[in-house]
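Chains, contacts and geometry: an overview
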Amino acid sequence: MIIVLKEQPEQQQLHNLTEWLHGMGLEIHTSEGKHSTILGLVGDTSRVDIDLIQALDIVASVKRIQEPYKSANRKFHPLDTVIKVGDTSIGGDVFAKIAGPCSVENEDQIIAIAAEVKEAGATMLRGGAFKPRTSPYAFQGMGGEGIDLLLKAKKATGLPIVSEVMDLSQLDLFADVDVIQVGARNMQNFQLLKELGKSNKPILLKRGLSATISELLMSAEYIMAGGNENVILCERGIRTFETATRNTLDISAIPVLKELSHLPIVIDPSHSAGIARFVPTLTMAAVAAGADGIMIEVHNDPSKALCDGPQSIKPGAFKVISKNIDTLRETLKTLD
Ligand code: PEP
Ligand code: MN
């Protein structure tokens, strides 16, 4: 971090600042120019509040040289992280295909979809039991009963399950859930993130609707700072001025995140597009851009789905996508 001081800084304030920085274990390299003085901070500046320094009377500007996230940072962990989920994994060379309905609706539905997506090549089953809906009058999910049905589907198919927790009070119900999803609307629920940091379960962390890549990584850092290194990042589309799709899939987030972080990245083309017919194309784009997995909403009868029917594809379409993912990944290996 570099701090540029204003001309002739008030000495007592400067003393207070340097004492405070020393107190945080930082070394300060001072270079005095003709008109301004520059302080170069050496050491772990991840705990330094840049806004606090910027607000000081004696400070002209502050610049971070090192990112404020450590655990999620590729600089300190050059190799790709591989996260084990049941008998499968995600990251490195292993591509995850997560598929299933937006929400669990009843036993027949989830068991039937689970069997079909498994047959089509899915490696994990998704299904929401607690649903964050824009309207309080919309279907809110089956709650604990939905989790029980997912566990039945897991037993029947052997697929590990992914489901969203919306609130700390629900956590106990997730004891046997393989991957806990943090939804876009909860990406900055720091209390929830801290609590998930105490568990050792894989966490699928979705990017917030209006969150920057850096904010997503800081949220991952919250979980990792608590000791849970099993974080899977998920780009699910962000809100832009474009209204042709439900959200705008930020494809560039994949190479950017790959460079900044060692954590696996999943793309959710369903919530990105909001329209089923665009899901295959966005999936291929995500694979080509280097994603470590996809999460797709699959329903046996999308027109009757209780949630997100318009963006849900049928199991048959998922089978085609699944096969095309494998073909594309093989082709990509032949490129320079
Ligand atoms: C979901 O995956 O069902 C979901 C609600 O997604 P998001 O948090 O990305 O809107
Ligand atoms: Mn959904």
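Residues numbered from 1 in each chain as written. Chains lettered and ligands numbered in written order. Predicted model: local features only at pLDDT ≥ 70, side-chain atom pairs only at ≥ 80, totals over all residues. Heavy atoms only, no water.

Description of the site of ligand 1
- Ligand 1 sits among Arg126, Lys131, Pro132, Glu164, Gln181, Gly183, Ala184, Arg185, Lys206, Arg236, His271 and Glu297.
- The contact in question runs from an oxygen atom of ligand 1 to an N or O atom on the backbone of alanine 184, over 2.8 Å.
- Interatomic distance of 2.6 Å between a side-chain N/O atom of arginine 236 and an oxygen atom of ligand 1.
- With the chains in place, 97% of the 300 Å² that ligand 1 exposes on its own is no longer accessible.
- Its residues placed into classes, the shell around ligand 1 shows two nonpolar, three polar and seven charged. (Near = heavy atom within 4 Å. Polar contact = N/O pair within 3.5 Å; in protein donor to acceptor, adjacent residues only side chain to side chain. Areas by Shrake-Rupley, 256 points an atom, 1.4 Å probe, with all protein chains shown as cover. Nonpolar A, V, L, I, M, F, W, Y, C, P; charged D, E, K, R; others polar.)

What about the sheet that holds strand E4 (residues 59-63)?
- The strand order E2-E3-E1-E4 describes an open sheet built from four strands, whose pairing is antiparallel. Looking along the sheet, the strands with just one partner apiece sit at the ends: strand E2 (27-32) and E4. With strand direction ignored, the average angle separating the axes of adjacent strands in the sheet is 20°.
- Where strand E1 (residues 2-5) lies against E4, four bridges are found, and the strand directions are antiparallel. For isoleucine 2, the partnering residue across the bridge sits in E4 and is lysine 63. (Pairing = 2+ DSSP bridges. Helix = DSSP H or I, 4+ residues; strand = E, 2+ residues; numbered from the N terminus. Axes fitted to C-alpha atoms, helices over the stretch in contact; angles between N-to-C directions.)

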